[in-house]
Amino acid sequence: LSFYGGSFTALPADRMNAFIEKGRDLFEKGVISSLRCSTRPDAIDEKIVKRLKENHFGTVELGVQTMSDKLLKKMKRGHNSEVVYKAVDILKKHNIKTVVQLMSGYPYENMEDLDITVNSLDMLKPDFLRIYPFVPVCDTEIQDEIDNGLVKMDSVDEIIEKSAKIFVRAMENNIPVIRIGLPLSA
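About the cut-offs
Residues numbered from 1 in each chain as written. Predicted model: local features only at pLDDT ≥ 70, side-chain atom pairs only at ≥ 80, totals over all residues. Heavy atoms only, no water. Helix = DSSP H or I, 4+ residues; strand = E, 2+ residues; numbered from the N terminus. Buried < 20%, exposed > 50% of the residue type's maximum accessible area, 1.4 Å probe, protein only. Phe/Tyr/Trp six-rings, centres within 6.5 Å; stacked < 30°, edge-to-face > 60°.

1. Focus on the environment of L150
Structurally, L150 can be placed in the loop between helix 6 (141-147) and helix 7 (156-172). Exposure remark for L150: the relative accessible area of 62% places this residue in the exposed category. Along the chain, L150 and E109 lie 41 residues apart, while their C-alpha atoms are 14 Å from each other.

Following this line, the structure appears as structure tokens:
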């Protein structure tokens, strides 16, 4: 059973616990073999991970986007790269498989930012990786900046090249890539 589409561990405790209880019930009845969720790296700590482990969560996906502190700040993620390292360490310590979700082609991303992210895989060593292209969301600050010509989107070829660079480093580190998203066409 998977809880996707948001930051599961950042839900209000009563709501998260209701989902966990339903999942535990299905696990104990033999209907499912494990649970998984997606969340933010800054919504992971020892207490939360212990709760997940006790309730049969086998995998947690972290929406990381980038390991460039400059870009994390620009994206207003509310955390830095150290938080990502800490979250992955806590999950590994509790034997919960970790998926890191990385994004390529954010309009302010330069090759130095990409290299920081690519090189971080050498230390992060998640169990799995997802790579997806930046897609602007309507009515957001970044979409306004694109619309007003303050920044431009990478070309499809540039996004594919950046994704490939992440993919190659993952392969060098024996990190299975379980999904690569396709960029929007120009």
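2. With respect to the packing of aromatic side chains
Counting across every chain of the model gives seven aromatic pairs. An angle of 35° between the planes, with centres 6.2 Å apart, marks the rings of F3 and F57 as tilted. Of the two residues, F3 is situated in strand 1 (residues 2-3) and F57 in strand 3 (residues 57-65); the sequence distance between them amounts to 54 residues. Judged by relative accessible area, F3 falls into the buried class, the value being 14%. Taking 5.3 Å as the distance between ring centres and 85° as the angle between the ring planes, the aromatic pair formed by Y106 and F134 counts as edge-to-face. With Y106 in the loop between strand 4 (97-104) and helix 5 (111-124) and F134 in the loop between strand 5 (128-133) and helix 6, this residue pair connects regions lying 28 residues apart in the sequence. On the basis of relative accessibility, which here comes to 6%, the residue F134 falls in the buried class. Of the aromatic side chains, those joined through ring pairs into one cluster are F3, F8, F19 and F57.

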